[in-house]
Amino acid sequence: MRRSTATLIGFTAVLMWALLALLTAASGAVPPFQLAAMTFLIGGLMGAVTWPFRKGAVSALRQGWQVWLLGVGGLFGYHFVYFSAIRAAPPVEVSLIAYLWPLFLVVFSAFLPGERLKFHHLAGVALGLAGAVLIIGGGRSPSLAEGFGPGHALAFACSIIWSGYSVLSRRFGKVSTDVVAGFCLITALLAAICHLLFETTVWPQGWLQWCAVLGLGLLPVGAAFYSWDYGVKHGDIMILGAASYASPLLSTLVLVLAGFASLSWPVLAACLLITTGAVIAAKDMLFGRRPAS
């Protein structure tokens with residue numbers, strides 16, 4: 001498969017993550033760890049049910065401890081730290097800091113074999129970051145209202161965890177994406193334990209909320225992680241990093257279309273910044289010849 005095709009597969013994860021806010025809002029008052037346990041279980045089973053029909057799929061689970069530490073640490077570790085950050089700092093400030101991860105992904109990937117960090121990669125991700133700040137902050141100047149506290153440090157850790165997981169996954173490029181199902185199932189178990197320790201159970205009310213939970217498990221907390229794993233392992237990881245800033249923009253546009261938000265100048269400005277940044281970062285793939293891999 002061509003590298004550009006793998007990059008596009010990875011980008012479908014960004015498209016699916018754009019549904020995260022809408023589906024989470026539609027899922028009702030389900031506590032975070034309980035929702036994570038339910039959706040990661042769905043995401044894991046989605047991959048596991050195909051194992052009997054694909055020869056050798058189950059054997060993908062026979063991996064060393066480093067692979068399991070990276071996968072479970074990336075998925076569960078990110079969500080555990082993010083939920084902890086949300087409890088300790090204003091959500092908008094947490095989101096702004098956590099969304100440094102595409103920038104770190106681009107910078108960290110420069111240390112991978114065969115990758116070169118170029119000026120247009122940095123320019124593209126900088127424009128994307130500016131667009132994300134506009135979207136998340138609603139056009140207001142970013143600031144830490146109560147100073148830099150533990151919640152902000154946890155949000156910064158989130159950005160390191162996810163960018164580190166994404167870049168290090170490339171180091172295990174020969175590991176089949178089938179193993180992601182195992183990551184999701186273990187993450188579901190750990191999230192369920194955290195739910196029992198820290199939360200009160202609240203089940204979805206009505207078929208609409210249950211459908212939202214199912215949609216979360218199938219798309220942004222399910223198929224997206226399989227696509228992202230394949231993309232960062234076989235695609236252009238720097239382009240994926242810059243293009244990831246489309247997620248908060250697309251998420252906002254989905255909320256606008258669903259009637260949960262209104263269209264405003266920060267959305268339009270962010271659209272221009274993020275789209276321009278993605279095109280600049282991907283100029284080699286879009287306008288030049290790239291070798292197949």
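Residues numbered from 1 in each chain as written. Predicted model: local features only at pLDDT ≥ 70, side-chain atom pairs only at ≥ 80, totals over all residues. Heavy atoms only, no water.

Engineer: Hey, could you run me through the pattern of salt bridges in this one?
Structural biologist: Under the counting rule described, the total for this entry stands at seven salt bridges. Linking Glu115 and Arg3 is a salt bridge whose minimum nitrogen-to-oxygen distance equals 2.4 Å. Of this pair, Glu115 sits in the loop between α6 (101–109) and α7 (119–137) while Arg3 is found in helix α1 (residues 3–17), placing the two residues 112 residues apart along the sequence. Its relative accessible area of 10% is what places Glu115 among the buried residues. Here Lys118 makes a salt bridge to Asp284, at a shortest N to O gap of 3.5 Å. One end of the pair, Lys118, is in the loop between α6 and α7; the other, Asp284, is in helix α14 (residues 283–287), and 166 residues separate them in sequence. Classification of Lys118 as partly exposed rests on a relative accessible area of 31%. Overall, the relative accessible area of 17% leaves Asp284 in the buried class. One connected set of salt bridges, linked through shared partners, spans Arg3, Glu115 and Arg170. (Salt bridge = Lys/Arg side-chain N within 4 Å of Asp/Glu carboxyl O. Helix = DSSP H or I, 4+ residues; strand = E, 2+ residues; numbered from the N terminus. Buried < 20%, exposed > 50% of the residue type's maximum accessible area, 1.4 Å probe, protein only.)

Engineer: Looking at this model, I keep getting lost on the nonpolar core. Mind explaining?
Structural biologist: Looking at soluble globular proteins, one finds that nonpolar side chains tend to be buried together. Trp17, Phe40, Leu75, Trp162, Phe183, Phe225 and Trp228 are the most contacted members of the largest nonpolar core, which has 69 residues in total. Tallying contributions element by element places helix α10 (residues 206–234) first for this core, with 10 residues. Discounting residues that sit within four places of it in the chain, Leu75 has contacts with Phe40, Trp162, Tyr165, Phe183, Cys184, Thr187 and Phe225. Counting five residues, the second-largest nonpolar core is a separate cluster that includes Ala85, Ala89, Val94 and Ala155. (Core = buried A, V, L, I, M, F, W, Y, C linked by side-chain atoms within 4.5 Å. Contact = heavy atoms within 4.5 Å.)

Engineer: What should I look at first to understand the packing of aromatic side chains in this one?
Structural biologist: The relative placement of two aromatic rings is captured by the distance of their centres and the angle of their planes. Evaluated as defined, the whole model comprises 20 aromatic pairs. A ring pair is formed by Phe33 and Phe83, whose centres lie 5.1 Å apart and whose planes are at 90 degrees; its orientation type is edge-to-face. On the criterion of sequence distance, the pair formed by Phe33 in helix α3 (residues 32–48) and Phe83 in helix α4 (residues 65–88) is long-range, its members being 50 residues apart. With a relative accessible area of 4%, Phe33 lands in the buried category. (Phe/Tyr/Trp six-rings, centres within 6.5 Å; stacked < 30°, edge-to-face > 60°.)

Engineer: How should the side chain of Thr7 be read in this particular structure?
Structural biologist: As for its placement among the helices and strands, Thr7 is situated in helix α1. Classification of Thr7 by relative accessible area gives buried; the value is 2%. Look past the residues within four positions of Thr7 in its chain and what remains in contact with it is Gly235, Asp236, Ile239, Leu240 and Met285.

Engineer: So what exactly am I meant to see when it comes to empty space enclosed by the protein here?
Structural biologist: One simple way to see leftover space: roll a probe sized like a water molecule over the atoms. Per the stated rule, a full pass over the model turns up one cavity of 30 Å³ or more. As a volume, the largest cavity reaches approximately 60 Å³. Around the largest cavity sit Val67, Leu70, Tyr165, Ser169, Phe172, Val175, Val179, Phe183, Asp229 and Lys233, which together line it. Put simply, the parts of the chain that give the lining of the largest cavity at least two residues each are α4, α8 (150–171), α9 (179–198) and α10. Per-class residue counts for the lining of the largest cavity are seven nonpolar, one polar and two charged. (1 Å grid on protein atoms, 1.4 Å probe; cavity = no way out; pocket = protein on both sides within 12 Å on 5 of 7 lines; lining within 4 Å. Points joined across faces, edges and corners; volume = space filled by probe spheres on them. Nonpolar A, V, L, I, M, F, W, Y, C, P; charged D, E, K, R; others polar.)

Engineer: Please explain the layout of surface pockets as it appears in this structure.
Structural biologist: Estimated volume of the largest pocket: approximately 1,300 Å³. Around the largest pocket, the lining comprises 38 residues; the ones closest to its centre are Leu20, Ala21, Thr24, Tyr82 and Ser95. Elements with a minimum of two residues in the lining of the largest pocket: α2 (20–26), α3, α4, α5 (91–98), α7, α10, α12 (246–257) and α13 (265–281). Among the elements that take part in the lining of the largest pocket, α4 stands out by supplying six residues, more than any other. Taken together, the residues of the lining of the largest pocket break down into 28 nonpolar, nine polar and one charged. By volume, the second largest pocket amounts to about 250 Å³. Lining the second largest pocket are 16 residues, with Phe11, Ile239, Ala243, Ala278 and Ala282 positioned closest to its centre. Contributing elements (two or more residues each) for the lining of the second largest pocket: α1, α11 (237–243), α12, α13 and α14. Among the elements that take part in the lining of the second largest pocket, α13 stands out by supplying five residues, more than any other. Here the residues of the lining of the second largest pocket are counted per class, giving 14 nonpolar, two polar and no charged.

These figures capture arrangement, not role.
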